[in-house]
Amino acid sequence: MGKKIVILNGSPRKAGNTAALTAEFTKGAKESGNTVTEFFLDGMDIHGCKGCFGGKSSRECPCVQRDDMDKIYPAVKECDVIVLATPLYYWNMSGQIRTAIDRLFALEEGDGNLLRGHGRASVLLMAAEGNGFDDVLLYYDHLMEHLKWENLGHVLAGGNGHVGEIEGKPELQKAYELGKSIQ
């Protein structure tokens, strides 16, 4: 039986280089019998975390704020793999994905931790104009350690400043193979 995969796509471009990586990953993952649900975060109404510690992880919508995170929480609670897909902005993930990651904290609050552990795994897919991935990889590794998620790997596609520059590059095949490897 396949895995349930959630992609959090933090790119502001629906048809950009990050989208090309997620499309290839999704193709491979579905060929291996997995179910993939993708959330295009830039098109969603997601507010920043208030740091109120008022969440209750066991509620269907654990955060005190009511916005489009209410669509993401149930999918994350049920998934086996979370894919963080994002362009590289100032040596880190985009604001869109970082906001969503911050808001996932509500699943750690209150009456049970439904985010950390639970046999979950993660993948990182990134496109960037340059190749300065060291800082974001350090952050990602710390995040995986904190969440106790297995790091299934990453595809880092540098040299892609303009839409479509990723076409024909080996990172697309790597994203496909990474998706296909999930069983």
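Details of the structure are given in the entry above.
Residues numbered from 1 in each chain as written. Predicted model: local features only at pLDDT ≥ 70, side-chain atom pairs only at ≥ 80, totals over all residues. Heavy atoms only, no water.

### Description of the overall build of the protein
Helix and strand counts for the protein come out as five helices and six strands. Sequence-ordered secondary structure for the protein, helices as α and strands as β, is β-α-β-α-β-β-α-β-α-β-α. At 16 Å, the protein has a C-alpha radius of gyration in line with the 16 Å of a compact globule built from 183 residues. The dimensions of the protein, computed from C-alpha atoms along their principal axes, are 45 × 40 × 30 Å. In the protein, buried positions account for 50% of the 183 residues. With an accessible surface of roughly 8700 Å², the protein has 50% of that area assigned to carbon and sulfur atoms. (Helix = DSSP H or I, 4+ residues; strand = E, 2+ residues; numbered from the N terminus. Rg over C-alpha atoms; globule rule 2.2 N^0.38 Å. Buried < 20%, exposed > 50% of the residue type's maximum accessible area, 1.4 Å probe, protein only. Areas by Shrake-Rupley, 256 points an atom, 1.4 Å probe, with all protein chains shown as cover.)

### Some points on helix α5 (residues 170-181)
Taking 1.5 Å per residue as the helical rise, α5 with its 12 residues ought to reach 16 Å, and the 17 Å between its terminal C-alpha atoms agrees with that figure. Of the positions making up α5, those classed as buried are Glu-171, Leu-172, Ala-175, Tyr-176, Leu-178 and Gly-179. The buried side chains of α5 occupy one side of the element, clustering within an arc of 160 degrees when seen end-on. Looking at the buried side of α5, the elements it contacts are α1 (17-31), β5 (121-127) and β6 (150-157). (Expected span 1.5 Å × (residues − 1). Arc of directions from axis to C-beta. Contact = heavy atoms within 4.5 Å.)

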